[in-house]
Amino acid sequence: MNISTLTEPARAEPAVPTLDPAELAALLVRAPDGSLPPIATIKPLLQRFHEAQKAAFFGGLPARAIVAARATALDQLVGAVWRMFGLDRTPHALLAVGGYGRGELHPYSDVDISILTAGDASAADRQDCEGFVRHLWDIGLEVGNTVRSVAESAEAARGDITVMTALLEARVLCGPPALFDTVRAAIAPAVMWNSEEFFTAKFDEQDHRHARYNDAFQQLEPNLKESPGGLRDIQVIAWVANRHFDSQGLGNLVGHGFLSTAEFAALERGREHLWQIRCALHFLAGRREDRLLFDHQKRVAELFGYTDAAHNRAVEQFMKDFYRTVRELSRLNEILLGLFQEAILQKDRAVRTSPLSRRFQVRGNFIEAVNENVFKRTPPALLEIFLLMQKNPSIKGVRASTIRLIREHLYLIDEKFRKDIRARSLFMEIIREPRRVGHELQRMHRYGVLSAYLPAFGRIEGLMQFDLFHVYTVDEHLLFVVLQMRRFSYPITNEDQSYLLRQAIERIPKLELLYLAGLFHDIAKGRGGDHSDGGAEDAAEFCKLHGLSQYDTNLVAWLVKHHLLMSNVSQRQDINDPAVIQDFAAVVGDQIHLDYLFLLTIADIRGTNPRLWTSWKQSLLSELYLLTLRRLRGSGQTAGDRAQRVEDTRAEARQHLDPNRFPEHAVALLWGTLGEEYFLRHRPAEIAWHTETILGADEDDLPLVAVRNFEQRGGTSIFIYTHNVDLLFAISTAALDRLRLDVQDARIITSEADYTLDTYNVLDAETRSPVEDPMRIQEICTRLRSAIRAAEIPAARQGPAQRKLQHFRFPASVEFSDDSAHGRTVMEVIATDRPGFLSVVGRAMRDSGVRLHDARIATIGERAEDYFYITDLHDQPVTDEATRARLQQSIVSELDA
């Protein structure tokens, strides 16, 4: 069962819970002495009603019945309290406003009321009004209230659109209806906020609200009311149209010809879908909760009967239905508000029209179909309109009436349509068009055309991955990737215009092949198996159907199949190892494939998560690109050049050193203790920096901590030089974690003189950028030195991020493999990220008699995937099974605790 079946249950619905008016009347009576009845007499009644509603909802009663029943029950309760305070004997009126005014009251929603006074209320009346509101609070209601006269209400409405909106959907609970009629007359469109003014204000209000949520409805933790496509978007449609037609509710808008029957049904379905979720959130949280937080997503999915499938978890299926619902509501909001503006507000205005083609024209900078039969007569026009917008960038958008036509004719995009040479040619023209390809693909998606034309794309629409790494649904991610690719040609930020990016984008022969790879690289997710293989098959089939050459088809399919390769090699392997470059170059084959893969990899990372792309990742990919390019051109080093590499590195490092300050003999003495591995794993500039730091200090200065930013490294390098002591890695990484620094890379060297030279490349955990503030750098040096001297592992920091992380915990795993080329063992640790993660691993290595030489640190959302290159204490691979088992058990038990 899923949420849609819950809204229309097959079994008999439970009875609708109600409050007994007679019981209310008996309880809410003043004592003979005029005292109020004890609060304890009414609270149990309300609690029983609430529990009955909860049981009925969990038993299958739809949310629409719950919200209506709650509003009715509160009408009775509030009315009884009003009468108990004698306010029914005054000329004043009590109004229900907001959701309560619409008769839609969710389990823990505020009870919004407004007391409308007839002129200036007497002091006694005001005292009774205050007592009335206070009593509602005392019996457990969350009350929002105002007390205003007719004149005050009109004045407040004139100055505040929210007050105006509240009065539009208010209804009289108690008191003379004529008093509220006076207010309605005072706020009529002829007096204030005419249809156009009201529309403009609500439209601007919606724009600002959407901006607070980054104009994206597909968020990891959406707000059911306020996010784009949420309940507020439905209300905006009703508000602006009902203000114009002087009516109430969505249903009346069909009779006015503003909504079609199908659109009304879609709005009703969407609203009930969101109501179901909102009711569930309120009942599960035990409070007003409109945010679909990770805390609740799994529980709500389970409540609605979603179950884990072979390739999609229950929560992912639930969120997919949710995202599809809010996408549809967002589309309807765009269309209907646009139609209101065009067909009602601008109906009699003279707007210039100019022909664009036989099927389309431009009216007031917006494109529209020349008549209602355009798409029926020429179905490929469903694609042509987007191509025309690309070719005419002065066009601001699509007329709402034409958007409605597009959606009404989506059924024409069938198998016959997809095989039509006209449609295939138009789609490829859109992909090849040098302007606005990313924006128009997004527009095609928004109107439902892209999913109809590419059924594989339709299958991943709304598909989310329940983690903190993928912040967009798969369909949105694919389009963001194409948008990132487009920015390579038209850069917006400094990152868009790096030298290597510019060179690569200018060299590739066909941009459309890059865009197609971006569009297909994740399209097979959610099906099971390797999505790279499935996507490559889909891409190849598409390319053949659209007339691409065999070479181009193979290239696109290859890119999709290997879209993760460059990222994995750069972040998980030692790219300074010629053997790694040699193997990678063998897979890539030539510069064309390298250029395309480089661009696809960068766009993929940047289009996955705004926090994922860092200067460190940029430096790794750039370095891998350059090393591979040299190898492909035959000038790179091979795996057998080890001795020559060491000699070349030493020679270049000497050029960075001032011979007057650092004599040759002193440098040679130090370097003679470091061994070949040190020179193979550090750059000449780094070696010179280390040398200057060590030779410029005395033994009494230990431990040495130095910090420096190397532009080409994309992070902040922290160098530690001290005696080789136990737990140094654990102490250092724990201290760095407390300093809010994320370790990206660690290189650990022990000299023949038993000194350790540790180099960490870090980024600021908040900004995801190198540390440049001198005060912050000084703090890093001071606190690291103090921690090392104390010889104790600092306590793990506690942070607010733990709320999210706790919903994504999974068992830790530790796997071992051999790095025979370097005589080391590779330990892969995959676990839920947490503060102090690396110090846990460091302590376990110390306790197991294992030495760390190198580390590759990768945190992907909540998932840490780290690689440690280790040996035993004799610098031999860790082959002893007992040692491996001890190390594994120690790490897993600590990280899973």
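It should be noted that the structure appears before, not after, this text.
Residues numbered from 1 in each chain as written. Predicted model: local features only at pLDDT ≥ 70, side-chain atom pairs only at ≥ 80, totals over all residues. Heavy atoms only, no water.

Participant: Can you walk me through the pairing of strand β14 (residues 824–832) in this structure?
Facilitator: The side chains of a regular strand alternate between both faces of the sheet. Counted residue by residue, β14 has eight buried out of nine residues, so it is predominantly covered. Alignment of strand β13 (residues 813–819) against β14, held across seven bridges, turns out to be antiparallel. The residue bridging D819 from the neighbouring strand is R824, located in β14. Alignment of β14 against strand β17 (residues 863–872), held across eight bridges, turns out to be antiparallel. (Buried < 20%, exposed > 50% of the residue type's maximum accessible area, 1.4 Å probe, protein only. Helix = DSSP H or I, 4+ residues; strand = E, 2+ residues; numbered from the N terminus. Pairing = 2+ DSSP bridges.)

Participant: I'm lost on the pairing of strand β10 (residues 715–723) in this one. Help?
Facilitator: Where burial is concerned, most of β10 is hidden: eight out of the nine residues are buried. Looking at chain direction, strand β9 (residues 704–710) and β10 are connected through seven bridges and run antiparallel. Each bridged residue has a counterpart across the sheet, and for F710 the counterpart in β10 is G715. By the bridge criterion, eight bridges tie β10 to strand β12 (residues 755–764) in an arrangement that is antiparallel.

Participant: What's the story with the sheet that holds strand β1 (residues 93–96) in this structure? I'm lost.
Facilitator: The strands making up a sheet associate through hydrogen bonds between their backbones, and the pairing can be parallel or antiparallel. Strand order across the open sheet formed by four strands is β3-β2-β1-β4, with mixed pairing between neighbours. With one partner strand each, in any of the chains shown, β3 (143–149) and β4 (171–174) form the two edges of the open sheet. Mean inter-strand twist for the sheet, computed between neighbouring axes without regard to direction, equals 30 degrees. Looking at chain direction, strand β2 (residues 111–117) and β3 are connected through seven bridges and run parallel. Within the sheet, the bridge partner assigned to T117 lies in β3 and is S149. (Axes fitted to C-alpha atoms, helices over the stretch in contact; angles between N-to-C directions.)

Participant: Sorry if this is basic, but what is going on with the nonpolar core here?
Facilitator: What tends to happen in soluble globular proteins is that the nonpolar side chains get buried as a cluster. Membership of the largest hydrophobic core comes to 173 residues, with the highest contact counts inside it found for L383 and F427. With 15 residues, the top contributor of residues to this core is helix α15 (residues 314–345). When near neighbours in sequence (up to four residues on either side) are disregarded, F427 contacts L383, M444, L450, Y453, L454, L519, F542 and H546. The next biggest cluster of nonpolar side chains, apart from the first, holds 48 residues, and it includes L727, Y760, M827 and L838. (Core = buried A, V, L, I, M, F, W, Y, C linked by side-chain atoms within 4.5 Å. Contact = heavy atoms within 4.5 Å.)

Participant: Which parts of the structure should I look at to understand helix α7 (residues 150–159)?
Facilitator: An α-helix turns once per 3.6 residues; consequently, residues spaced three or four apart project the same way. For α7, the full list of buried residues reads V150, S153, A154, A156 and A157. An end-on view of α7 places all buried positions within 165 degrees of arc, on one side of the element. Set apart from the buried face of α7 by more than 90 degrees, the exposed residues are A151, E155 and G159. Buried-residue contacts for α7 involve β2, β3, α8 (161–168) and α9 (177–186). (Arc of directions from axis to C-beta.)

Interpretation note: all reported values are geometric properties and have no functional meaning in isolation.
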